[in-house]
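Structural characterization, general
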Amino acid sequence: MFLTSFTMRLAAVVMVSVGRIVTSAVMKTVPLTSDRLVAVCSPDYPLPDAIGTVALAAQRLLLRETGSASRDFLDRIFTSHRVVAVPAMTSVGNSALIAACAVGFGVTVLPESLVSADIAACRLREIKITDADLSRDHFLILHKNKRLNAVQEDIFNICRGI
């Protein structure tokens, strides 16, 4: 119960933003980390090593559920290229998407850190997206006038890598 209560109190103080900088006179934005989404498929999936966003949207896409940070980021990329992607499969779990992708069911787009071992082991093949930057920045966001207690400050510093 303490963890749940504490987590709720911390959430009232700190938010995390993926990919978008929040600008506000009353909020403070602190850079946290960066990552990159990568499109991957099985090694024998019939797709060139590099394609554009329109070609990606036309594939059998295996995507995270709507509302997840990765899916929302990818949907913004598709929207900016004026294409609509209709996934063949959606999942709340990355491992299901990776497994379906590895057996040739389609193409998935996930954080590089989640698929790098499978790429290195040749279970998956990276597809370069030629006309979009799939890099994301993550930020901690909190009210400028909010004073953190000692525990919140410790967690905030852990998130920032201090």
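Residues numbered from 1 in each chain as written. Predicted model: local features only at pLDDT ≥ 70, side-chain atom pairs only at ≥ 80, totals over all residues. Heavy atoms only, no water.

Before going further, it helps to spend a moment on the side chain of Ser 42. With respect to the helices and strands, the residue Ser 42 is situated in the loop between β2 (27-41) and β3 (50-51). With sequence-adjacent residues up to four places away left out, Ser 42 is seen in contact with Cys 101, Ala 102, Gly 104, Arg 123 and Arg 125. (Helix = DSSP H or I, 4+ residues; strand = E, 2+ residues; numbered from the N terminus. Contact = heavy atoms within 4.5 Å.)

Counting all residues, the mean pLDDT for the protein is 86, and 85% of those residues have values of 70 or more. Note that residues 1-14 has pLDDT below 50 and, in this model, 17 contacts with residues that lie over four places away or in other chains. (pLDDT = per-residue confidence, 0-100.)

What follows deals with helix α6 (residues 150-160). Of all the residues in α6, the buried ones are Gln 152, Phe 156 and Asn 157. On an axial view of α6, the arc spanned by its buried residues comes to 135°, and they lie on one face. Seen from the buried face of α6, the exposed residues on the opposite side, beyond 90 degrees, are Ala 150 and Ile 158. Count one or two residues on from α6 and you reach Gly 161, which has phi positive near 80°. (Buried < 20%, exposed > 50% of the residue type's maximum accessible area, 1.4 Å probe, protein only. Arc of directions from axis to C-beta.)

The set of residues buried in helix α4 (residues 94-102) consists of Leu 97, Ile 98, Ala 100 and Cys 101. The arc that holds the buried residues of α4, viewed along the axis, is 165°, so those residues lie on one side. For α4, the secondary structure elements touched by its buried residues are β2, β4 (61-64), β5 (89-91), β6 (107-111) and α5 (112-120). After α4 finishes, the residue Gly 104 shows a positive phi value of roughly 90°.

What follows covers the side chain of Thr 108. You can see Thr 108 is positioned in strand β6. One polar contact links the side chain of Thr 108 to the main-chain carbonyl oxygen of Leu 62, over a distance of 2.6 Å. Setting aside anything within four residues of it in sequence, one finds Thr 108 in contact with Val 38, Ala 39, Val 40, Leu 62, Leu 97 and Cys 101. (Polar contact = N/O pair within 3.5 Å; in protein donor to acceptor, adjacent residues only side chain to side chain.)

Before going further, it helps to spend a moment on the nonpolar core. Ranked by size, the top nonpolar core spans 22 residues in total, and within it Leu 56, Phe 78, Val 107 and Ile 129 carry the most contacts. Those elements giving two or more residues to this core turn out to be β2, α2 (53-57), β4, α3 (69-80), β6 and β7 (125-129). If one sorts the elements of this core by residue count, α3 sits on top with four residues. Once residues within four sequence positions are removed from consideration, Ile 129 is found in contact with Ala 39, Ile 51, Gly 52, Thr 53, Leu 56 and Leu 134. (Core = buried A, V, L, I, M, F, W, Y, C linked by side-chain atoms within 4.5 Å.)

What follows is about the pattern of salt bridges. Throughout the structure, instances matching the rule amount to eight salt bridges. Residues Arg 64 and Glu 65 are paired through a salt bridge, measuring 3.0 Å at the closest nitrogen-oxygen approach. Judged by relative accessible area, Arg 64 falls into the buried class, the value being 16%. Residue Asp 75 is joined to Arg 71 by a salt bridge in which the shortest nitrogen-to-oxygen separation is 3.2 Å. Taken together, the residues Asp 75 and Arg 71, both in helix α3 and four residues apart, mark about one turn of the helix. With a relative accessible area of 22%, Asp 75 lands in the partly exposed category. Put simply, Arg 36, Glu 112, Glu 126 and Lys 128 are held in one network by salt bridges that share partners. (Salt bridge = Lys/Arg side-chain N within 4 Å of Asp/Glu carboxyl O.)

Now for the pairing of β6. Across a regular strand the side chains alternate sides, sitting on one face of the sheet and then on the other. A large share of β6 lies buried, amounting to five of its five residues. In the sheet, β2 pairs with β6 via four bridges, with the strands oriented antiparallel. Within β6, the residue paired with Val 38 across the bridge is Leu 110. Pairing between β4 and β6: two bridges, direction parallel. Bridge assignment links Leu 61 to a residue of β6, and that residue is Val 107. (Pairing = 2+ DSSP bridges.)

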